[in-house]
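Report on the structure
Chain by chain, the residues:
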Amino acid sequence: MRTEQPQVIYLKDYQAPEYLIDETHLTFELFEDHSLVHAQLVMRRNPERGAGLPPLVLDGQQLELLSVQLDDQALTAGDYQLDADSLTVQPKTERFTLDTSVKIHPESNTALEGLYKSGKMFCTQCEAEGFRKITYYLDRPDVMSTFTTTVIAEQHRYPVLLSNGNPVGDGPAEDGRHWATWEDPFKKPAYLFALVAGDLWCVESEFTRQSGRDVTLRIYVEEENLDKCDHAMVSLKKSMRWDEEVYGREYDLDIFMIVAVNDFNMGAMENKGLNIFNSSCVLARAETATDAAHQRVEGVVAHEYFHNWSGNRVTCRDWFQLSLKEGFTVFRDAEFSADMNSRTVKRIEDVAYLRTHQFAEDAGPMAHPVRPDSFIEISNFYTLTVYEKGAEVVRMVRTLLGAEGFRKGSDLYFERHDGQAVTTDDFIKAMEDANGADLTQFKRWYSQAGTPRLAVSEAYDAAAQTYSLNFRQSCPQTPDKAEKLPFVIPVELGLLDADGNDLPLQLAGEAEAAGTTRVLSVTEAEQTFTFQGIAAKPLPSLLRGFSAPVKLSFPYDRDQLMFLMQHDSDGFNRWEAGQQLSVQVLQELIGQHQRGEALALDQRLITALGTVLGNETLDAAMVAEMLSLPGEAYLTEISQVADVDAIHAAREFARQQIAEQLFDALWARYQANRDVSRKTAYVAAAEHFARRSLQNIALSYLMLSAKPQALEAALEQFEHCDNMTERLTALAVLVNSPFEAERAKALDAFAEHFKDNPLVMDQWFSVQAASTLPGGLARVKALMLHPAFTLKNPNKVRALVGAFAGQNLVNFHAADGSGYRFLADLVIELNALNPQIASRQLAPLTRWRKYDDARQALMKGELERILASGALSSDVYEVVSKSLA
Ligand code: TRP
Ligand code: ZN
């Protein structure tokens, strides 16, 4: 908890460390009521910092110091200074060895940072600054050391003892205990340290590297989960092969381990050779995990594996550089998933997510650049901006340099910086040097916050046969109040003729056309590009593949959008045209609702969706994506003032109309796909994901009709399917339906069947928390009393509280403020238990500026109440205080 005024840390204050650690030797003695950590650090003065021997200030928090020794001299209380965050000693020589012993309490660590217990096992989470809760250390990523780790624990309770690197010895110890020693030869920062001790079982496999050497692969889980590891293992092997083929990167140790733990603050962690995963991101089998969960497992396994190069071999100099590893690695895992499944569908999902959530962050009080300039609590900066927008920035580099140039740049980056802790500038420099490119202006993407707007207008000159596109870019103000300079915005585009064919593109001044889709670099505040040889006015297809994370506007009318939906050669933009059409139609309905008029849906939306639904040659996953209306959260994000009730009413009205008017087509496609599902055993592969996604969205529309045959279909699917994808959708449509008896029966049957599987129970909680039927808050409060619920487990908090505040907007934003009060109470309680989770759950309240005056006052009131509630963690303090500023 915070004791003094929280300190702001600035990038501009960065200084290299005064001392370095060459070798770290750790011994852990694990007991039930405490643990002991002995650290021997082989250290030296950092030659970069010049002569002299300044005091050595080691980070340490919540440690009980038992002894300190400098070389062979035991230090006594007068020889060192101790405060809540550090231990200071005075070195006498340039090279020395420091020995410390501390006592810690993993058994009562509910923050899940440092060494803690998840159920019966010990595990660690050190990123970003958790290692200082384990021992005194230079806990910063530019201090890189080899590690030798010995773990000693009771043999019976903790038969498996793991740490980073290779196993080098083990044996029995006194009192029924045993030990194991691990050695990691690769220098690494402390945030990549890991230790696991528990009664674990493992699935083992082998991978043969391109170079011919074998690696042992192990996934460690509790015994009952041994049957849920195959998908992660297959995903791991695919990732290893892909990184060899696409980036030329091989794995470097002889063993690679993944451990699944139930209590984990985030998705997973890339600790060297010993990744620790939230069990939700490893365990998957047909009966218990949805298609989305299978794809998430594949993506997260890949992400953490890819970090071995983008993060571990080349790491971050300081935490302001977080996107160096996270943006790059998200980009890498997205491309991997695109190669494994449907590329267009993956892009659609990522862009929808970015535009809904990252754009909202970029427009809110916590907005920050991809490389932040300052922070109070680094845990608050594991954000959508650093991860997702950071990935978009890397994608733009590739778009600008081309795939080959990008690969040259990444080769140079890995070769030049292997074993180093570097910056985003170093990354860009490698890209520039390998390509002879100048990315100076491009780097503004790293330093300027806010989502750029790009307003596009057109002019056709029939006499000259030229077509001009004018681009005007601007970037809204963000809390840093900094002046915004123009970005480099790569705009991939095409021009369609009246038949929907792409025209050859020849810019004024060019001797001939070069392709039918090209990338224009918009670098000025205002800029015009003119195409020549254009015989008739074309229709532009702009920002194909979402080539830049901007808000583009072009005055399309609805007929033009319908034309693009059918004809655009870019699959992403076909979907995008449908979204824009839906947004226009929904905004019209929102206006009608606000004026108290009867709602009237533009029939063109029905026509357009009917065409999509009837197109049997279109990828089923694309049909499903195109049938999905923009979400309420996205409609909120694009509103000046979000009218929660009008948005909900408008969207539900449109869905109802679609369900009624397209009932027969939906029914036909539902039955055809359900029929295949009935006859085919579950397979976790793209074409099957596609089929089930169409089947399931069709079912959710059909159910809105409330016709008896729809209810029958939902019940049949619920009872007779062989997989969680079909079962959970059937449950969700029942939960949101007016059929009370069937809903209750299905919920009970589901809970009875899956009560011993915490990950499935999370889904059961979520489906109910997200139900927009009236009375949502009361249902959530009742579920919090369910025996399977606990605030101590982050997955449970996300499943119930996160789903309620993030997905159930009408109930969360109830006009009486009850949802806000509930969330604030929860944040206050979580603040004491788990500050990282408390701070993340706060996000919906920080968006208060989006709502009407009455709601603004209620939301602000709750933020003020949190601020006044007493000892706040730095995590919660930073978010609350910045939101109120
Ligand atoms: N580096 C992790 C990743 O792959 C992020 C992470 C895992 C993390 N656990 C954490 C960050 C706890 C902060 C706190 O993205
Ligand atoms: Zn990561």
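Since the model is a prediction, treat every value here as computed from it, not as a measurement. (Residues numbered from 1 in each chain as written. Chains lettered and ligands numbered in written order. Predicted model: local features only at pLDDT ≥ 70, side-chain atom pairs only at ≥ 80, totals over all residues. Heavy atoms only, no water.)

Let us now look at the overall build of the chain. Broken down by element type, the chain carries 27 helices and 31 strands. Over its C-alpha trace the chain gives a radius of gyration of 28 Å, about what one expects of a compact globule, namely 29 Å for 885 residues. A total of 885 residues make up the chain; the buried ones form 59% of that total. Considering only contacts within the chain whose residues lie at least 6 apart along the sequence, 70% involve residues at least 24 apart. Surface summary for the chain: the accessible area is close to 33,400 Å², and the carbon and sulfur share equals 50%. Side chains of the chain give 85 positive and 125 negative charges; the mean places of these two sets differ by 2 Å. (Helix = DSSP H or I, 4+ residues; strand = E, 2+ residues; numbered from the N terminus. Rg over C-alpha atoms; globule rule 2.2 N^0.38 Å. Buried < 20%, exposed > 50% of the residue type's maximum accessible area, 1.4 Å probe, protein only. Contact = heavy atoms within 4.5 Å. Areas by Shrake-Rupley, 256 points an atom, 1.4 Å probe, with all protein chains shown as cover. Lys, Arg positive; Asp, Glu negative; His and termini not counted. Charge placed at Lys NZ, Arg CZ, Asp CG, Glu CD.)

This part is about the site of ligand 1. Within the structure, ligand 1 sits among 15 residues, and E127, A268, E270, E304 and Y387 are positioned closest to it. For ligand 1, an oxygen atom lies 2.8 Å from a polar atom in the side chain of E304. H307 has a polar side-chain atom sitting 3.5 Å from an oxygen atom of ligand 1. Every element with two or more residues in the shell around ligand 1 is listed here: β20 (268–269), α2 (291–306) and α3 (322–340). (Near = heavy atom within 4 Å. Polar contact = N/O pair within 3.5 Å; in protein donor to acceptor, adjacent residues only side chain to side chain.)

Here three strands make up an open sheet; going across it, the order is β28-β27-β30 and the pairing antiparallel. With one partner strand each, in any of the chains shown, β28 (518–522) and β30 (539–542) form the two edges of the open sheet. Averaged over all adjacent pairs, the angle separating strand axes in this sheet is 40°, with direction ignored. Two strands pair when backbone bridges link them, and strand β27 (residues 489–496) and β30 are joined in this way by four bridges, in the antiparallel orientation. Bridge pairing in β30 links L496 to L539. (Pairing = 2+ DSSP bridges. Axes fitted to C-alpha atoms, helices over the stretch in contact; angles between N-to-C directions.)

The subject of this paragraph is the sheet that holds strand β13 (residues 160–163). Either a parallel or an antiparallel arrangement is found when strands of a sheet pair, and the pairing is made through backbone hydrogen bonds. Pairing within the open sheet is antiparallel, and its four strands lie in the order β10-β11-β16-β13. Every interior strand has two partners, whereas the edge strands, β10 (114–118) and β13, have only one. For this sheet the average axis-to-axis angle between neighbouring strands, irrespective of direction, equals 20°. One ladder, built from five bridges, connects β10 with strand β11 (residues 121–125); its direction is antiparallel.

When helix α8 (residues 558–567) is considered as a whole, its buried residues turn out to be R558, L561, M562, L564 and M565. Burial along α8 is one-sided: seen end-on, the buried residues are contained in an arc of 160°. Packing partners of the buried residues in α8 comprise β27, β30, α9 (571–594), α10 (603–614) and α11 (620–627). Sitting at the head of α8, D557 places a side-chain oxygen 3.1 Å from the backbone nitrogen of D559. (Arc of directions from axis to C-beta.)

Another point: the coordination of the zinc ion (ligand 2). Distances from the zinc ion (ligand 2) to its protein donors, namely H303 (NE2), H307 (NE2), E326 (OE) and E326 (OE), fall within the range 1.9 to 2.7 Å. Taken together, the six donor atoms coordinating the zinc ion (ligand 2) and their angles of 48 to 160° define a geometry best described as irregular. We note that the donor set of the zinc ion (ligand 2) lies within a single chain, spaced as H-x3-H-x18-E. With a gap of 23 residues between them, H303 in helix α2 and E326 in helix α3 connect regions that are remote in the sequence. The exposure class of H303 is buried, given its relative accessible area of 8%. (Donors = N, O, S within 2.8 Å, 3.2 Å for Na, K, Ca; no water. Tetrahedral: all angles 85-135°; square planar, octahedral: opposite > 155°, others 65-115°.)

Moving on to the pattern of salt bridges. Going through the model one piece at a time under the given rule, you end up with 68 salt bridges. Here E287 ties to R285 by a salt bridge, and the two come within 2.8 Å at their closest N and O atoms. Take R285: its relative accessible area is 29%, and that puts it in the partly exposed class. Among the ionic contacts, a cluster of salt bridges with common partners joins R674, D675, R678, K679, E716 and E726. (Salt bridge = Lys/Arg side-chain N within 4 Å of Asp/Glu carboxyl O.)

On to the pairing of strand β17 (residues 201–208). Each regular strand shows side chains that alternate between the opposite faces of the sheet. Note that β17 and strand β18 (residues 214–221) share eight bridges and pair antiparallel. Directly across from V203, in β18, lies its bridge partner I219. Between the end of β17 and the start of β18, which pair antiparallel, lie five residues, with G212 showing a positive phi angle near 100°.

Glancing now at unusual backbone geometry. The omega angle of the peptide bond from E127 to A128 is -5°, so this bond is cis rather than trans. Examined against the element boundaries, A128 turns out to sit in the loop between β11 and β12 (145–154). A positive phi angle, near 60°, is found at L112, a position not held by glycine. Along the polypeptide, L112 turns up in the loop between β9 (95–104) and β10. Looking at L112, the relative accessible area reads 4%, which means it is buried. Positive phi values are uncommon outside glycine, yet F546 reaches one of about 55°. Residue placement: F546 occurs in the loop between β30 and β31 (551–553). The class of F546 is buried, set by a relative accessible area of 1%.

What follows concerns the state of the cysteines. Within the structure shown, the criterion is met by zero disulfides. Distance from the sulfur of C316, which forms no disulfide, to the nearest cysteine sulfur (C126) is 16 Å. (Disulfide = S-S within 2.5 Å.)

Structurally, K120 is set in the loop between β10 and β11. Remark: the alpha-carbon pair of K120 and Y158, spanning 38 residues in sequence, is separated by 8.7 Å.

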